[in-house]
Amino acid sequence: MKPFEKPVYVTRPYLPPIEEYMSGLQEIWDNQWLTNNGPVLQRFTKQLEVFFKTPNVCLFNNGTLALQLGLQGMRLTGEVITTPFTFVATTHTLYWNKLRPVFVDIEPDHYTLDPEKVEAAITPWTSTILAVHVFGSPCQVKKLADIAHRHNLTLIYDAAHAFGVEIDGVPIAKYGDLSMFSFHPTKLYHSIEGGALVFSDPGYKKIFDYLKNFGFASETEVVMPGTNAKMNEFQALMGILGLKRLDELIEKGREIETIYRERLTGVPGIQLPLVQSVNVHYNFAYMPIEVHEKEFGMSRDRLYEELRKYNIFTRRYFYPLLTDFACYKYVQTNDPLTIAKGVAARILCLPTYYTIDANSVDRICELIIKIGKQ
Ligand SMILES: *Cc1c(COP(=O)(O)O)cnc(C)c1O
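Caption draft 1: The arrangement of the pattern of salt bridges in detail. This structure, assessed with the given rule, holds 18 salt bridges. In this structure, the salt-bridge partner of R100 is E79, at a minimum N-O distance of 3.6 Å. Of this pair, R100 sits in strand β4 (residues 100–103) while E79 sits in strand β3 (residues 79–82), and the two are 21 residues apart along the sequence. R263 is the partner of D362 in a salt bridge, and the nearest nitrogen-oxygen pair spans 2.8 Å. Of the two residues, D362 sits in helix α13 (residues 358–373) while R263 sits in helix α9 (residues 246–264), which places them 99 residues apart along the sequence. According to the relative accessible area criterion, R263 is partly exposed, its value standing at 29%. Here the salt bridges do not stand alone but share partners, grouping E20, K244 and R245 into one network.

Caption draft 2: Looking closely at the site of the ligand. In the neighbourhood of the ligand, 15 residues make up the surrounding shell, with T64, D158, H161, S182 and K187 lying closest. Here an oxygen atom of the ligand and a backbone polar atom of G63 are 2.8 Å apart. In the environment of the ligand, an oxygen atom lies 2.7 Å from a nitrogen or oxygen atom belonging to the side chain of H161. Considering the ligand on its own, with 380 Å² of exposed area, one finds that the protein chains cover 93% of that surface. Only α3 (63–73), α4 (88–95) and β9 (178–182) provide two or more residues apiece to the shell around the ligand. Here the shell around the ligand is composed, by residue class, of four nonpolar, nine polar and two charged.

Caption draft 3: Expanded view of the nonpolar core. Ranked by internal contacts, the top residues of the largest apolar core, which has 77 residues, are F44, L48, F85, F135, F163, F181 and F183. The dominant element in this core, judged by the number of residues it contributes, is helix α8 (residues 233–243), at six residues. Mapping this core onto the domain boundaries places at least three of its residues in each of domain 1 (18–243) and domain 2 (246–372).

Caption draft 4: Quick look at the pairing of strand β5 (residues 126–132). For β5, a buried count of seven out of seven residues is recorded, marking the element as mostly surrounded by other parts of the structure. Examined bridge by bridge, β3 and β5 share four bridges and lie parallel to one another. Each bridged residue has a counterpart across the sheet, and for T82 the counterpart in β5 is L130. The sheet contact formed by β5 and strand β6 (residues 154–158) spans five bridges and is parallel. If you follow T128 over to β6, its bridge partner there is T154. Crossover handedness for the path β5 to helix α6 (residues 141–151) to β6: right-handed.

Caption draft 5: Structural view of the pairing of β9. Burial analysis of β9 places five of its five residues in the buried class, the great majority of the element. Judged by which residues are buried, β9 turns out to be covered on both faces: L178, M180 and S182 on one side and S179 and F181 on the other are all buried. Pairing of β6 with β9, which is carried by three bridges, proceeds in the parallel orientation. Paired with D158 across the strands is M180, a residue of β9.

Caption draft 6: Looking closely at the sheet that holds strand β8 (residues 170–171). Spatial ordering of the open sheet is given by β8-β7-β14, a layout of three strands whose pairing is antiparallel. In this open sheet, the two edge strands, each paired with only one partner strand, are β8 and β14 (280–281). Here strand β7 (residues 166–167) pairs with β8 via two bridges, running antiparallel. By the bridge assignment, I167 is partnered in β8 with V170.

Caption draft 7: Molecular detail of unusual backbone geometry. F318 follows Y317 through a cis peptide bond whose omega is 0 degrees. Tracing the backbone through its elements, the reader meets F318 in the loop between β16 (312–313) and α12 (338–346). One non-glycine residue with positive phi stands out, namely N311, at about 70 degrees. Locating N311 in the fold gives a position in the loop between α11 (300–309) and β16. The class for N311 is buried, based on a relative accessible area of 17%. Unlike most non-glycine residues, L337 shows phi in positive territory, near 55 degrees. Assignment of secondary structure puts L337 in the loop between β16 and α12.

Caption draft 8: Representation of the packing of aromatic side chains. A complete count under the given rule lists 25 aromatic pairs for this structure. Measuring from ring centre to ring centre gives 5.9 Å for Y111 and F135, while their planes differ by 90 degrees; the resulting arrangement is edge-to-face. On the criterion of sequence distance, the pair formed by Y111 in the loop between β4 and α5 (115–120) and F135 in the loop between β5 and α6 is long-range, its members being 24 residues apart. Since its relative accessible area comes to 4%, Y111 is described here as buried. Among the residues examined, F135 registers a relative accessible area of 1% and is labelled buried. With centroids separated by 5.7 Å and ring planes inclined at 40 degrees, the aromatic side chains of Y317 and F318 adopt a geometry described as tilted. Each of the two residues, Y317 as well as F318, counts as buried. Through a chain of ring-to-ring contacts, the aromatic side chains of F44, F51, F52, F163, F181, F183 and Y189 assemble into a single cluster.

Cut-off values and rules
- Residues numbered from 1 in each chain as written.
- Predicted model: local features only at pLDDT ≥ 70, side-chain atom pairs only at ≥ 80, totals over all residues.
- Heavy atoms only, no water.
- Salt bridge = Lys/Arg side-chain N within 4 Å of Asp/Glu carboxyl O.
- Helix = DSSP H or I, 4+ residues; strand = E, 2+ residues; numbered from the N terminus.
- Buried < 20%, exposed > 50% of the residue type's maximum accessible area, 1.4 Å probe, protein only.
- Near = heavy atom within 4 Å.
- Polar contact = N/O pair within 3.5 Å; in protein donor to acceptor, adjacent residues only side chain to side chain.
- Areas by Shrake-Rupley, 256 points an atom, 1.4 Å probe, with all protein chains shown as cover.
- Nonpolar A, V, L, I, M, F, W, Y, C, P; charged D, E, K, R; others polar.
- Core = buried A, V, L, I, M, F, W, Y, C linked by side-chain atoms within 4.5 Å.
- Domains from an automatic or database assignment.
- Pairing = 2+ DSSP bridges.
- Right-handed = clockwise from strand over helix to strand, strands pointing away.
- Phe/Tyr/Trp six-rings, centres within 6.5 Å; stacked < 30°, edge-to-face > 60°.

See the structure below:
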């Protein structure tokens, strides 16, 4: 089989028809208002309030700063129980708030925090649980809420992957005290760069608004040492245009996943993700598989390299584990993180995005099967 002529990446950003963005630009030009809570950002915020079914929404220039300032605004201290199987930014936000990460293991089914291990790791210094809806798969939200309630802990979700996900018809942001969404172009849905906090206590709205705008309460009053993390008008415009297409993007993801499942089910050594339970409205943002070396006949890393030769650029999310990075290597962990270590060694995310055609997905599957037989 021949390599793809053009590189096939794990993802490609959604781009709206350029005329739509241009006409939005005209509005921005007419307004002569580029950032600092402009009219387009205000409109985007209103739309997201409807989308998330709550007025407690605050927008930021990226997801990392959203989460970092969310933790800061909630004045959390001490230890935070969190996962090693995530993007580095999750843990970095703890560092910037002088919070101590306590890593515990994930569950094998959806790669999310194991509630039992969370509970076992609670100490008198624990203030918070920071869980991640990995690949958009919901955490065990009810169990985590119960643990947080019984131990009086704050429950925060890194929902960077989970935009559009619902449980029992309820937006995933409604679970927990605070959720962060990333609108980076590598995600299913984006605003060029951007992030959102959705929270349950309306009292935080003001604080988050201060924190992202230097702490300004008025022209002459600065009430806290904030930073600059505002979303600008160009980002908000992209966000508005993408939101109109979200359902289409999710539907396309569902179609692609169906092909992968049809073609790869039963291939020795290739493990597909568990199908989401019926009460979950999933967003199909990622297509992770696990490569079991013995049965497949080749390691995950070899398959990754072989696919590159065919111009297919898969990604090993999340490898290495956070606890293997130089800056977190020395964080003491009591949990052996057995499952997370295994998954990090086997995981591979396959290309899925709205412009990939069924034919290409077919070819990728054929190649994986062919490479495995070599
Ligand atoms: C992308 C991502 C972030 C960071 O979001 P940015 O908008 O890129 O700052 C945080 N956590 C997870 C799990 C992510 O995938």
